[in-house]
Amino acid sequence: EAQVTQNPRYLITVTGKKLTVTCSQNMNHEYMSWYRQDPGLGLRQIYYSMNVEVTDKGDVPEGYKVSRKEKRNFPLILESPSPNQTSLYFCASSLTPGVEQYFGPGTRLTVT
Amino acid sequence: AQSVTQLGSHVSVSEGALVLLRCNYSSSVPPYLFWYVQYPNQGLQLLLKYTTGATLVKGINGFEAEFKKSETSFHLTKPSAHMSDAAEYFCAVSESDSWGKLQFGAGTQVVVTP
């Protein structure tokens, strides 16, 4: 089944404790992207990747890191999480930019 | 740089009535436009998209949208609402000179009443 998977689905952590949210797709898509969703703000793009080893900032990259060492994986790293990073995070992928993106189920992160 | 404005954060419609969700965008270059739907506790799925060509675009579940360049709009409609249409809807825009960046509107929550 074609899908985007994210782990973990739910995470509660404390300020400053490094964490990684994994994202994997099995559709051989070149393009992958991370978003955060907050009430009243819609989805805001954090980082995106056009292909392996090619990443770029979205609208809200501060406090986040990404890497794209393999085509299928695009982890999101929070080196020192803060409470304002409490949010619902989505990973998405598509064959190329500008076409339909396939979204993962989301990761709900709470930073206390 | 592109931006997206969705008019109305909440819309209530009666079952069987017209659904109209408004989206206006700003873009300095030809845009690609999308409507996504999010059902409770799920990710987003594509309803429809406009890239080039015909300005009236038909999507899944009976939805359609019309790209109006002169009005910089991409409003979403469905002639007859169904209870299963209750969800949050997002308009999004991508510009032809920065395909990687996708800008979403704030979303419109649709409630369908019997």
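Preceding this paragraph is the structure being described.
Report follows, based on the coordinates. Being a predicted model, the structure only gives us computed values, none of them experimental.

### Section: the interface of chain B and chain A
Working step 1: Chain B puts 20 residues into the contact, and the matching count from chain A is 22 residues.
Working step 2: Those elements giving two or more residues to the side of chain B that touches chain A turn out to be strand 4 (31-38), strand 5 (44-50), strand 9 (87-95) and strand 10 (98-104) of chain B.
Working step 3: A breakdown of the residues in the side of chain B that touches chain A according to their chemical character gives 10 nonpolar, seven polar and three charged.

### Quick look at empty space enclosed by the protein
Working step 1: Considering all chains together, one arrives at one cavity of 30 Å³ or more under this definition.
Working step 2: Approximately 40 Å³ is the volume attributed to the largest cavity.
Working step 3: Lining the largest cavity, in full, are A:Tyr31, A:Pro97, A:Gly98, A:Val99, A:Gln101, B:Phe34, B:Ser94, B:Trp99, B:Gly100 and B:Leu102.
Working step 4: Among the elements that take part in the lining of the largest cavity, strand 10 of chain B stands out by supplying three residues, more than any other.

### Quick word on the sheet that holds strand 8 (residues 76-78) of chain A
Residue and element names in this part refer to chain A.
Working step 1: What the four strands build is an open sheet, ordered 1-3-8-7; its pairing is antiparallel. Two strands bound the open sheet, and with one partner strand each, they are strand 1 (4-7) and strand 7 (65-66).
Working step 2: Pairing analysis gives three bridges linking strand 3 (residues 19-25) to strand 8, with the strands arranged antiparallel. By the bridge assignment, Thr20 is partnered in strand 8 with Ile77.

### A word on the sheet that holds strand 7 (residues 64-68) of chain B
All names here are of chain B.
Working step 1: An order of 1-3-8-7-6 is seen for the five strands of this open sheet, with the pairing classed as antiparallel. Edge positions in the sheet fall to strand 1 (3-7) and strand 6 (56-58), since each has one partner strand and no second. Across the sheet, the mean angle from the axis of one strand to that of its neighbour is 20°, orientation sign disregarded.

### Concerning the packing of aromatic side chains
Residues and elements named next belong to chain B.
Working step 1: Scanning all chains against the criterion turns up 13 aromatic pairs over all chains.
Working step 2: Arranged with centres 4.3 Å apart and planes meeting at 25°, the rings of Tyr50 and Phe67 form a pair that is stacked. Within this pair, whereas Tyr50 is found in strand 5, its partner Phe67 is found in strand 7, the two being separated by 17 residues in sequence.

### Considerations on unusual backbone geometry
Glycine aside, residues mostly have negative phi, and peptide bonds are mostly found in the trans state.
Working step 1: Residues A:Asn7 and A:Pro8 are joined by a peptide bond in cis, for which omega reads -5°.
Working step 2: At A:Glu53, a position not held by glycine, the phi torsion is positive, near 65°.
Working step 3: Within the secondary structure, A:Glu53 sits in the loop between strand 5 (42-51) and strand 6 (54-57).
Working step 4: Residue A:Glu53 is classed as exposed on the basis of its relative accessible area, which comes to 60%.
Working step 5: Backbone geometry at B:Asn61 places phi at a positive 60°, although glycine is not the residue there.
Working step 6: Assignment of secondary structure puts B:Asn61 in the loop between strand 6 and strand 7.
Working step 7: The partly exposed category is assigned to B:Asn61, whose relative accessible area is 41%.

### Things to note about the layout of surface pockets
Working step 1: Taken as a whole, the largest pocket holds about 410 Å³ of empty space.
Working step 2: What lines the largest pocket is a set of 24 residues, among which A:Gln37, A:Leu88, A:Arg108, B:Gln38 and B:Asn41 lie closest to the centre.
Working step 3: Looking at the lining of the largest pocket, the elements with two or more residues in it are strand 4 (31-38), strand 9 (87-94) and strand 11 (107-111) of chain A together with strand 9 of chain B.
Working step 4: With three residues, the top contributor of residues to the lining of the largest pocket is strand 9 of chain B.
Working step 5: Here the lining of the largest pocket is built from residues that sort into nine nonpolar, 11 polar and four charged.
Working step 6: Roughly 290 Å³ of internal volume is contained in the second largest pocket.
Working step 7: For the second largest pocket, the lining is made up of 16 residues, of which A:Ala2, A:Tyr102, A:Phe103, A:Gly104 and B:Leu44 are closest to its centre.

Definitions and limits used
- All chains use their own residue numbering, which begins from 1 and follows the written sequence.
- As they are written, the chains are lettered A onward and the ligands numbered 1 onward, keeping that order.
- Totals for whole chains, interfaces and linings use all residues, but because this is a predicted model, local features are given only for residues with pLDDT of at least 70 and pairs of side-chain atoms are given and counted only at 80 or more.
- The side-chain values count all of the structure's non-hydrogen atoms but skip hydrogen atoms and water molecules.
- A contact between two residues is defined here by any heavy atoms of the two lying within 4.5 Å.
- In DSSP terms, a helix is any run of H or I states spanning at least four residues, a strand is any run of E spanning at least two, and both are numbered starting from the N terminus.
- Think of it as three bins: nonpolar holds Ala, Val, Leu, Ile, Met, Phe, Trp, Tyr, Cys and Pro, charged holds Asp, Glu, Lys and Arg, and polar takes everything else, Gly as well.
- A 1.4 Å probe that fits into a set of points on a 1 Å grid over the protein atoms alone but cannot get out defines a cavity; an open set with protein on both sides within 12 Å along at least five of seven lines defines a pocket, and lining residues are those with an atom within 4 Å of a point.
- Grid points are joined across faces, edges and corners, and a volume is the space filled by probe spheres set on the points.
- A pair of strands counts as paired when DSSP detects no fewer than two bridges linking them.
- Under this scheme, a helix contributes an axis fitted over its contacting stretch, all axes are lines through C-alpha atoms, and angles between N-to-C directions fall in the 0 to 180 degree range.
- When the centres of two rings from Phe, Tyr and Trp lie within 6.5 Å, Trp using its six-membered ring, the rings pair. Their planes under 30 degrees apart give stacked, over 60 give edge-to-face, and anything left gives tilted.
- Burial status follows relative accessibility: with a 1.4 Å probe on protein chains alone, a residue under 20% of its type maximum counts as buried, one over 50% as exposed, and anything between as partly exposed.

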